[in-house]
Amino acid sequence: MIAVAAIVLSDLFAVVMLFGVYSLLTAALFMNLDAVDVAFTEAAVGAGVTTVLMLASLHLTKRWEALPRHHHFPGLLVVSITGAALVYAVLDAPLLGDPSAPVHQHVTPRYIEQGQAEVGMPNLVTAVLASYRGYDTFGETVVIFTAGLAVLLLLGIKDDPRMRPGVSAIGDQVVLRSVVKVLIPLVLLYGLYVQFHGDFGAGGGFQAGVIFATAFVLYDLVFGEGSARAVVPPRWLHRLAAIGVLIYGGVGVYSLLAGRPFLDYSALADDPVHGQHLGVLLVELGVGITVFSVVLLIFYAFSGRGRR
Amino acid sequence: MTAILELLSGVCLLLGGVLCITGGVGLLRMPDFFSRVHAAGVTETLAAPLLLIGLLLQMELSLDSVKVVMILILVLSTNPTATHALTRATLHGGQQPLVFDDDESTGGEGTSKP
Amino acid sequence: MLIAAIVAILVTMFLALIRTFLGPTEYDRMLAANSFGTKTVLLIALGGYALSWNSYLDVALLYALLNFVGTIAVMRFFEYRSVTDERDGPESTP
């Protein structure tokens, strides 16, 4: 229902808010399916970062959607056929939670039964994400890095002389500034907690990176772009994004140099389980650093541009 | 002891729920933005800690209770700030509160812009 | 009693949603969206406890923070001109 409203409305401001609500409902759905890590990331990214970025881009473009001048029948036909094909394919899929479904048959029992013993951490999701499927996660990190790269190539971060530290669009609001000054260190602390707690509960690099970036986005919103760029200059972010990916790849290359397969963490220490712990720690650190710097970079690219 | 805690928790949850609904109804029924801010902001900022304290009394003391306290502190500090900032933004945007003059027999005039 | 509180929160969320759709000005919508977010935090906290979700308090804490940042962002981008906008210069205190 919310999706339909989001399509029908032409007030893009309301659409952005509806998208935030939609992400939240999806996160609640994931929570109900007992997928906490995914819900966490969905809430963080969908309800937080995406809403802020969409608002920033809405600030640059028009608020009201331009109504289409003519109906585009071939497009409608293609979409309808594809949609029908997708629905037909879904009808053939196994039911949710069906124990005889293919996804539960081959590798999954091994992960579930031996994950604790091999990787040694209570949170199986992090074990699968960072260790068993570490190569996939490396790909995801590189995709995030590439997205940041694309935004930088297309938009660039402008260095406007009018963005001085101390000048803020919101103005000098005492209450907001005092509360935010106290809040930001606590948010950073919470981000650190989520980063390193990923082994035991919900958490990990992706969520922690988003939380870190949110703290600095809050600083940017309240204290102004000039102050935010003075605190975290864009050059640092360029380097940090690359360093995150390099840490991840470096762990893999180190394993290669030690004579084991790429991203085999047991090469990192004498005891294989110890090596797994160390590997997951380093890898999640790389992911967190990359996500943080890319999200903040994209925000800088959008928020620094004024409306013409 | 647990009976008292249960009773206290029930009272807190009940009060919190009632305040929540009051705030929601106020949000709908009040005639003007600024009165809505009063209704929603004040009742929410009281209802949220009451509900969280009710939840706290029902759990055993553990890491979870510390997290509930953290959520409580966070909501208590950010909700009034956000409402305050919103109100300042609205004033900046030019909205004026709806005022009724008592000496007019017709019941008053509104000056808020639609 | 927990169930009653959860139902109360759901009712309030629905009322806030009505205001989001109705609200004549955008400020009403922002206020209602902020209320909706705060109620969501409470819903996750209480509902997670009732349904025994894992790590539900982490999600509630996160969403409390994101609700705040979202409200500030909406206010900042909707109401106040950026310092680099062509039309106005930096804002003075309103």
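What you see is a predicted model, and the numbers here were worked out from it, not measured in a lab.

Asks: Any chance you could break down the overall build of chain C for me, citing the residues and the numbers?
Replies: Helix and strand content of chain C: three helices and zero strands. Starting at the N terminus and walking to the C terminus, you meet the elements of chain C as α-α-α. By residue count, 67% of the 94 residues in chain C fall in the buried class. Within chain C, contacts between residues at least 6 apart in sequence are counted, and of these 49% link residues at least 24 apart. About 3,000 Å² of surface is accessible on chain C, with carbon and sulfur atoms providing 63% of the total.

Asks: Go over the overall build of chain B, please, and point to the residues and values.
Replies: In terms of helices and strands, chain B carries three helices and zero strands. If you list the helices and strands of chain B from N to C, you get α-α-α. The 114 residues of chain B split such that 45% are buried. Surface accessibility of chain B: about 5,900 Å² in total, with carbon and sulfur atoms responsible for 68%.

Asks: Tell me about helix H11 (residues 234-257) of chain A, residues and numbers included.
Replies: Residue and element names in this part refer to chain A. An ideal rise of 1.5 Å per residue puts 34 Å on 24 residues; H11 measures up with 34 Å between its terminal C-alpha atoms. Turning to H11, its buried residues are Pro 234, Leu 237, Ala 241, Gly 244, Val 245, Tyr 248, Gly 249, Val 251, Gly 252 and Ser 255. Turning to H11, the residues buried within the fold contact helix H7 (134-154), helix H10 (225-231) and helix H12 (272-303). Once H11 finishes, Gly 259 follows within two positions and takes phi at roughly 95 degrees, a positive value.

Asks: Describe the interface of chain C and chain B, listing the residues and the values that go with them.
Replies: Contact residues are listed per partner, giving 43 residues for chain C and 44 residues for chain B. For the pair chain C and chain B, the summed buried area comes to about 3,900 Å², and 76% of that belongs to carbon and sulfur atoms. At the boundary of chain C with chain B, the tally comes to three salt bridges. Arg 36 of chain B is paired through a salt bridge with Asp 28 of chain C; the nearest N and O atoms lie 2.3 Å apart. Where chain C touches chain B, the interface holds eight residue pairs in polar contact (both at pLDDT 80 or more). Counting residues per element, the ones that place at least two in the side of chain C that touches chain B are helix H1 (2-22), helix H2 (26-51) and helix H3 (56-79) of chain C. Ranked by residues supplied to the side of chain C that touches chain B, first place goes to H2 of chain C with 14 residues. Of the residues that constitute the side of chain C that touches chain B, the class distribution is 30 nonpolar, seven polar and six charged.

Asks: Mind laying out the nonpolar core, listing which residues take part and the relevant values?
Replies: By size, the foremost hydrophobic cluster in this structure holds 134 residues, and its most contacted members are Leu 218 of chain A together with Leu 46 and Ile 72 of chain C. The contacts of Leu 46 of chain C, once residues within four sequence positions are left out, are Leu 13, Leu 51 and Leu 55 of chain B together with Leu 2, Ala 5, Ile 6 and Ile 9 of chain C.

Asks: Would you mind going over the packing of aromatic side chains in detail, with residue names and values included?
Replies: The description of an aromatic ring pair uses the distance of the two centres, along with the angle that the planes make with each other. All names here are of chain A. All told, the structure shown has seven aromatic pairs over all chains when counted by the stated rule. Seen from their ring centres, Tyr 190 and Tyr 193 are 6.0 Å apart, and the 25 degrees between their planes marks the pair as stacked. Taken as a pair, Tyr 190 and Tyr 193 lie in helix H8 (residues 174-196) at a separation of three residues, close to a single helical turn. A residue is classified by how much of its surface remains accessible, and Tyr 190, at 9% relative accessible area, is buried. The exposure class of Tyr 193 is partly exposed, given its relative accessible area of 28%. Between Tyr 219 and Phe 223, the ring centres sit 4.7 Å apart and the planes meet at 20 degrees, which makes this aromatic pair stacked.

Asks: An account of the interface of chain A and chain C is needed here, citing residue identities and associated values.
Replies: Each partner contributes residues to the interface: chain A has 50 residues there, and chain C has 38 residues. Across the chain A to chain C interface the summed buried area is about 4,200 Å²; carbon plus sulfur atoms make up 72%. For the pair chain A and chain C, the interface holds one salt bridge. Where Arg 76 of chain C meets Glu 225 of chain A, a salt bridge forms, and the shortest distance between an N and an O atom there is 2.5 Å. Taken together, the links from chain A to chain C amount to two residue pairs in polar contact (both at pLDDT 80 or more). Breaking the side of chain A that touches chain C down by element, the ones donating at least two residues are helix H2 (12-32), helix H3 (36-60), H8, helix H9 (205-223) and H12 of chain A. Looking at the side of chain A that touches chain C element by element, the count peaks at ten residues for H3 of chain A. Class assignment of the residues belonging to the side of chain A that touches chain C gives a composition of 31 nonpolar, ten polar and nine charged.

Asks: Describe the side chain of Thr 90 of chain B, naming the residues involved and giving the relevant values.
Replies: With respect to the element layout, Thr 90 of chain B can be found in helix H3 (residues 63-92). Excluding residues within four positions of it along the chain, Thr 90 of chain B makes contact with Phe 33, Phe 34 and Gln 95 of chain B together with Tyr 27 of chain C.

Asks: How would you sum up the environment of Ser 293 of chain A? Please name residues and give values.
Replies: Residues and elements named next belong to chain A. Along the polypeptide, Ser 293 turns up in helix H12. If we ignore the near neighbours within four places in the chain, the residues touching Ser 293 are Leu 237, Leu 240 and Ala 241. There is a polar contact of 3.3 Å between the side chain of Ser 293 and the backbone oxygen of Thr 290.

Asks: Give a detailed account of the side chain of Ser 227 of chain A, specifying residues and quantitative values.
Replies: Residues and elements named next belong to chain A. Along the chain, Ser 227 falls in helix H10. Of the residues examined, Ser 227 reaches a relative accessible area of 10% and is grouped as buried. Engagement of the side chain of Ser 227 in a polar contact is seen with the backbone oxygen of Phe 223, the distance being 3.3 Å. Aside from chain neighbours lying at most four places away, what touches Ser 227 is Arg 164, Pro 165, Gly 166 and Tyr 219.

Asks: So what's going on with the pattern of salt bridges? Residues and values would help.
Replies: Evaluation of the coordinates by the stated rule reveals four salt bridges over all chains. Salt-bridge contacts for Lys 67 of chain B lead to Asp 58 of chain C; the nearest nitrogen and oxygen are separated by 3.0 Å. Note that Lys 67 of chain B is positioned in helix H3 and Asp 58 of chain C in helix H3, a pairing that runs across two chains.

Cut-offs applied
- Residues numbered from 1 in each chain as written.
- Chains lettered and ligands numbered in written order.
- Predicted model: local features only at pLDDT ≥ 70, side-chain atom pairs only at ≥ 80, totals over all residues.
- Heavy atoms only, no water.
- Helix = DSSP H or I, 4+ residues; strand = E, 2+ residues; numbered from the N terminus.
- Buried < 20%, exposed > 50% of the residue type's maximum accessible area, 1.4 Å probe, protein only.
- Contact = heavy atoms within 4.5 Å.
- Areas by Shrake-Rupley, 256 points an atom, 1.4 Å probe, with all protein chains shown as cover.
- Expected span 1.5 Å × (residues − 1).
- Buried area = accessible area lost by both parts, 1.4 Å probe.
- Salt bridge = Lys/Arg side-chain N within 4 Å of Asp/Glu carboxyl O.
- Polar contact = N/O pair within 3.5 Å; in protein donor to acceptor, adjacent residues only side chain to side chain.
- Nonpolar A, V, L, I, M, F, W, Y, C, P; charged D, E, K, R; others polar.
- Core = buried A, V, L, I, M, F, W, Y, C linked by side-chain atoms within 4.5 Å.
- Phe/Tyr/Trp six-rings, centres within 6.5 Å; stacked < 30°, edge-to-face > 60°.

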